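Architecture and fold: a report
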Amino acid sequence: MTTGHPTSPRSPRSSRRKRLLRAGLALVAVGAAVAVAVVVVPRLLPPGPRPSFQLPVACGETWQLGTYPGHDDYDVDLFPTEGEAWGRPVLASDAGTVTEAGINGSLGGRTPDDPDGPRGRGGGYWVKIDHGGRWETQYLHLLEPPLVRVGQRVARGEQVGRVGSTGNSGAPHLHYEQRRGWQKVETHFDGSPSGITHDDTEYTVTRTSNNCASGSP
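Residues numbered from 1 in each chain as written. Predicted model: local features only at pLDDT ≥ 70, side-chain atom pairs only at ≥ 80, totals over all residues. Heavy atoms only, no water.

The subject of this paragraph is the packing of aromatic side chains. Under the definition given, this model contains three aromatic pairs. These aromatic residues form a ring-pair network of at least three members: Tyr139, Tyr176 and Phe189. Arg134 extends its terminal NZ or CZ atom over the ring of Trp182, reaching a point 5.2 Å from the ring centre. (Phe/Tyr/Trp six-rings, centres within 6.5 Å; stacked < 30°, edge-to-face > 60°. Lys NZ or Arg CZ within 6 Å of the ring centre and 35° of its normal.)

What follows is the structure in structure tokens.
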């Protein structure tokens, strides 16, 4: 004599569905692990050699590079030594891939027609370029929306925007940074250090651009 309810035989179709579900979940887990590795592993590798960065302005132009107390270590502000700053071309320092091209913070209202308009926040219109080997450059306070888009490959000397005063900016200029991994470093141009390593005191130096020929895209 038996007690309880008899156990129904398991349906082959139900077993197949469970196997497929387990296989699908395993594939999702593998895909997630691969995605994490693609993002994280390159950041754990040591940086590659410094790219041959050039000044991010037109060939032969002389610009003043400067910093001041409170500006943040290694940050560089660029002003032309001759002529109007508004609208001057901003060029890629070296070949790379655009990873940011848009608005950092808020724009404010400073324009060539209203240079004393309200300040915005952050970097305003900006561009960030990945040069490989964990090296990046950033270009901030551009006049208008960048001339490049995220994912675009740019050559050295290719124009990415124009000098402006969007974001938290007091006058038209280009705020520029070079980064190795997650950290800002002293900017180098044409193989020479800029000398801007801290913001303890006001410091300026003039350099002439050798950004004269496009690099390989």
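So, next bit.
Right, let's talk about unusual backbone geometry for a bit. You will see that Asp72, though not glycine, has its phi angle at about 95°, which is positive. The residue Asp72 is located in the loop between strand E1 (62-67) and strand E2 (76-80) in this model. Unlike most non-glycine residues, Arg134 shows phi in positive territory, near 70°. Relative to the assigned elements, Arg134 resides in the loop between strand E5 (121-132) and strand E6 (135-142). (Helix = DSSP H or I, 4+ residues; strand = E, 2+ residues; numbered from the N terminus.)

This paragraph deals with the layout of surface pockets. Roughly 370 Å³ of volume is contained in the largest pocket. Around the largest pocket, the lining comprises 22 residues; the ones closest to its centre are Tyr68, His71, Asp77, His173 and His175. Put simply, the parts of the chain that give the lining of the largest pocket at least two residues each are E1, E2, E5, E6 and strand E9 (174-180). Classifying every residue of the lining of the largest pocket by side-chain character gives four nonpolar, 13 polar and five charged. (1 Å grid on protein atoms, 1.4 Å probe; cavity = no way out; pocket = protein on both sides within 12 Å on 5 of 7 lines; lining within 4 Å. Points joined across faces, edges and corners; volume = space filled by probe spheres on them. Nonpolar A, V, L, I, M, F, W, Y, C, P; charged D, E, K, R; others polar.)

A word on the confidence of the model for the protein chain. Residues at a pLDDT of 70 or more form 84% of the protein chain, whose mean pLDDT is 88. Confidence drops under pLDDT 50 across residues 36-40; counting only partners more than four residues distant or on other chains, this segment forms two contacts. (pLDDT = per-residue confidence, 0-100. Contact = heavy atoms within 4.5 Å.)

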